[in-house]
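# Architecture at a glance
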Amino acid sequence: MKKEYLFQIELKVRDYECDLQGVVNNSNYQHYMEHTRHEYLETLGANFGKMHEQGVDAFVSRVDIRFKHSLRSGDHYLSCLNVKKEGPRLIFFQDIYRKSDGILAATGRVESVVVENGKLTRGEYFDQLLETNNII
């Protein structure tokens, strides 16, 4: 890995995540990235269940994933992220590396927005979350 990241988590590819070619099915990379975002946000004190109970919901509004090298069953990988606030959106820059050799398997940009009580916000929830945790 050549970048610095705000957060990373090590995970392992499970057999059922692979397709007939023996590599991770492309849809699973999005699952890996989503799990990483949720784990990261929990370290900041954001819990999606509690947020929803308060009328606050974060939604993915756009995903762009570039596939570089395939992961295979049993591979350990590092799922890493950085974050940036752009207007009402929270942008996650995410990379997945095969742990054994540091090869970049996938890179992604995921945009999220917040809806409060059914209305799109200007991202104040994200502002407060990032300020409280000294990220911006």
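Quick look at the structure, then. (Residues numbered from 1 in each chain as written. Predicted model: local features only at pLDDT ≥ 70, side-chain atom pairs only at ≥ 80, totals over all residues. Heavy atoms only, no water.)

### Focus: the environment of leucine 41
Note the cut-off: By definition, any uninterrupted DSSP run of H or I lasting at least four residues is a helix, any uninterrupted run of E lasting at least two residues is a strand, and each is numbered from the N terminus. Working definition: with a 1.4 Å probe on protein chains only, accessible area under 20% of the residue-type maximum means buried, over 50% means exposed, and in between means partly exposed. Any pair of residues with heavy atoms lying within 4.5 Å of one another is described as a contacting pair.
As for its position among the elements, leucine 41 is in helix 1 (residues 26-43). What makes leucine 41 buried here is its relative accessible area of 8%. Residues leucine 41 and leucine 130, 89 residues apart in the sequence, show an inter-C-alpha distance of 9.9 Å. The contact partners of leucine 41, leaving out residues within four places of it in the chain, are Ala46, Phe48, Phe92 and Leu129.

### Things to note about helix 1
Note the following rule: Take the number of residues in a helix, subtract one, and multiply by 1.5 Å to get its expected span.
If you check helix 1, its first and last C-alpha atoms are 27 Å apart, about what 18 residues at 1.5 Å a residue would give, namely 26 Å. All of the buried residues in helix 1 are Asn28, Tyr29, Tyr32, Met33, Thr36, Arg37, Tyr40 and Leu41. One or two steps after helix 1, the chain reaches glycine 45, where phi turns positive at roughly 95 degrees.

### Let's talk about the nonpolar core
We count it as follows: Only buried residues count toward a nonpolar core, which is a set of Ala, Val, Leu, Ile, Met, Phe, Trp, Tyr and Cys residues joined through side-chain atoms within 4.5 Å.
If you look at the biggest cluster of nonpolar residues, it comprises 31 residues, and the most contacted ones within it are Tyr29, Tyr32, Tyr40, Leu71, Phe92, Ile96 and Tyr125. Of the residues forming this core, the biggest block, 5 residues, is contributed by helix 1. Contact partners of tyrosine 40, with chain neighbours within four places excluded, come to Leu6, Phe7, Leu81, Val83, Phe92 and Ile135.

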